[in-house]
Amino acid sequence: MSDSQPQQPPPSPRSGRGDGGQGSSPGGRGGVPDPGAHAAAAESAALLLAGARLADGRTVDVRLGGGRIRAVGAAGSLPAVGPARVDLSGFLLLPAPAEPHAHGDTALTADAEGPVSYAPDRVQRRATEAALLQLGHGATALRSHVRIGGAHGLGPLQAVLAARRSLRGLADLTAVAAPRLLTGSAGADGLAMLRDAVRMGASVIGGCPDLDPDPAGFLEAVLGLAAEHGCPVDLHTDGDDPGRLARLAAMADGMRPGVTIGPCGGLSRLPLETAHRAADRLAAAGVRVTCLPQGDCATLERRGLRTAPVRLLRAAGVRVAAGSGALRDAGNPVGRGDPLEAAYLLASQGGLRPAEAYDAVSAAAREVMGLPEVRVEAGFPAELVAVRGDRIAGVLSLAYSRIVIHRGRVVARTSAVREYCDSAVAVALDLPRQGRMEPGP
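Per chain, residues are indexed from 1 in the order of the written sequence. The model is predicted, so local features are restricted to residues of pLDDT at least 70 and side-chain atom pairs to those at 80 or more, both for listing and for counting; the totals for chains, interfaces and linings are taken over all residues. Water and hydrogen atoms were dropped before computing side-chain values, which therefore reflect all heavy atoms in the structure.

Peer 1: Would you mind showing me how to read unusual backbone geometry here?
Peer 2: Backbone geometry follows two general trends: most residues other than glycine have a negative phi, and most peptide bonds adopt the trans configuration. Cis peptide bonds are those with omega within 30 degrees of zero, and the linkage from Arg256 to Pro257 qualifies with 15 degrees. Secondary structure elements follow DSSP: runs of H or I of four or more residues count as helices, runs of E of two or more count as strands, with numbering from the N terminus. In this structure, Pro257 sits in the loop between helix 6 (242–252) and strand 11 (259–263). Note that the residue after Gly262, namely Pro263, is joined by a cis bond; omega there is 5 degrees. Secondary-structure assignment places Pro263 in strand 11. For Leu108, which is not a glycine, the phi torsion comes out positive at approximately 65 degrees. You will see that Cys264, though not glycine, has its phi angle at about 60 degrees, which is positive. The topology assignment puts Cys264 in the loop between strand 11 and helix 7 (272–285). Of the residues examined, Cys264 reaches a relative accessible area of 0% and is grouped as buried. Partly exposed describes any residue whose relative accessible area lies between the buried limit of under 20% and the exposed limit of over 50%, with all areas from a 1.4 Å probe on protein chains only and scaled to the type maximum.

Peer 1: Just checking my understanding: could you explain the environment of Gly254 for this structure?
Peer 2: In this structure, Gly254 sits in the loop between helix 6 and strand 11. In this structure, the C-alpha to C-alpha distance between Gly254 and Ala284, residues 30 residues apart in sequence, is 9.0 Å.

Peer 1: I tried to follow the confidence of the model for the protein on my own but got confused; where do I start?
Peer 2: As a per-residue quantity, pLDDT reports the predictor's confidence and falls between 0 and 100. Residues of the protein with pLDDT of at least 70 account for 85%, and the chain-wide mean is 88. By definition in these notes, contact holds between two residues if any of their heavy atoms fall within 4.5 Å. Low pLDDT (under 50) marks residues 5–33, which in the prediction has 47 contacts with non-local residues, meaning those over four places away or in another chain. Taken as a whole, residues 436–441 scores under 50 in pLDDT and shows 13 contacts with residues more than four places along the chain or in a different chain.

Peer 1: Is there a simple way to think about the pairing of strand 3 (residues 68–74) in this case?
Peer 2: Two faces, one strand: in a regular strand the side chains alternate between the faces of the sheet. In this sheet, strand 3 lies alongside strand 2 (residues 59–65) in antiparallel orientation, the contact comprising 6 bridges. Looking at strand 3, one finds that Arg63 is bridged to Ala71. Only strands joined by at least two bridges in the DSSP assignment are considered to pair. Linkage of strand 2 to strand 3, two consecutive antiparallel strands, is achieved through a turn of 2 residues, within which Gly66 is found at a positive phi near 65 degrees.

Peer 1: Help me out: how do you make sense of the packing of aromatic side chains in this one?
Peer 2: Aromatic ring pairs: the centre-centre distance and the angle between the two ring planes describe each pair. Any Phe, Tyr or Trp ring, taking Trp's six-membered ring, that has another such ring centre within 6.5 Å forms a pair; planes under 30 degrees apart are called stacked, those over 60 apart edge-to-face, and the others tilted. Enumeration according to the criterion identifies 0 aromatic pairs in this entry. Any Lys NZ or Arg CZ that is within 6 Å of a ring centre and within 35 degrees of that ring's normal is treated as a charge sitting over the ring. The ring of Tyr118 carries the charged tip of Arg126 above its face, separated from the ring centre by 5.3 Å.

Peer 1: Even after reading the chapter, I still don't get the pairing of strand 12 (residues 288–291), so can you show me in this structure?
Peer 2: Side chains Arg288 and Thr290 of strand 12 all project onto a buried face; the interleaved residues Val289 and Cys291 project onto the opposite face, where all are buried too. Inspection of the sheet shows strand 11 paired to strand 12 by 2 bridges, in the parallel sense. Following the sheet pairing, Thr260 is matched in strand 12 by Arg288. Orient the strands so they point away from the viewer; a crossover is then right-handed if the path from the first strand over the helix to the second runs clockwise. Following the backbone out of strand 11, through helix 7 and into the adjacent parallel strand 12, one traces a crossover that is right-handed. Across 3 bridges, strand 12 lies against strand 13 (residues 320–322) in parallel orientation. From the neighbouring strand, Val289 faces strand 13, where its bridge partner is Val320.

Written out as structure tokens, the structure is:
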């Protein structure tokens, strides 16, 4: 099961795993308009992206239709079919980023006065607003970890699933059920709640083994339930205990559809030889790692805020994705939730080349989430972002103006204009600006 499945048209009632949406008839149930039908209609429309620059330096036209890339040709070679045309002159066209590690239930709470409310309507609003913020940055698919259990039970998960339904056609949002405890006296209740969460529509199982009194028992429970339901696993761990990582790798070895861990900042604090051995074990077991270059998340204690050793992990053969983590909550009060900032930090501080850094927030992130590959080639999903600039290094440095495309249609635009006022020097040198005053994309 991939993250993309819950966003497909709801299955028949017998499956019990739908997202709660209505049927696929044009009018919906009882005459109520069906948002899924509108999304499907939007996907079928043709759209021409004209004059876009690709990462390989070519300038091309790209025709979209039915939610996919239908054709790519030299600039000016693809006539528009109808009025749907977007001029991407001056923009770099890339596969859209994906967000593999969000926390929609706690996002945007850093400035809350008093205790944070977990009333369903407040959580749904936060999760929706956070997803739209990240969509504006370019992330058309998001994986949100949601805490279950304790005083709030399954309420936050229900709210995030409601946000997922409301975002359909704009972005694909997947919920990860993250239980607090699965062993000891509270373990039976936690496991029962986790089973309920999967039945409700959480398509990924998570949590933090480090915080359970019996980390190995927690892992055994999660991996067993995931195997039973065919769910991916995405766990929080600091990664500072090599013995625990070795046990995790042994238990997860060969498991499908896969196991991801993160943020693993503790790996950077281990002796180099020990970290190399741990990375080799993770690679051999097929365990992926999601790092958080922009800061940690509130699930783990703040222990020095070091990013996972990305180059070491990649050299060992571990597939490494990059996520945003906290978005203005207790884990990071100034978190931006911007995948391009994560890529920028990997390039500026993590030792990756710009193309490798962008891969971590796009191709690798989609792979970790079980989503189809995206290339700017005919036949691939039309999940794209256009950023003003002409090469990846430039857009990671100054990624202001963006156009986001999900399922073949424009779903978000951000425009920035830079002017040098009252300066004859700026005019004489024809200095570049981040936009145009006349109407444009």
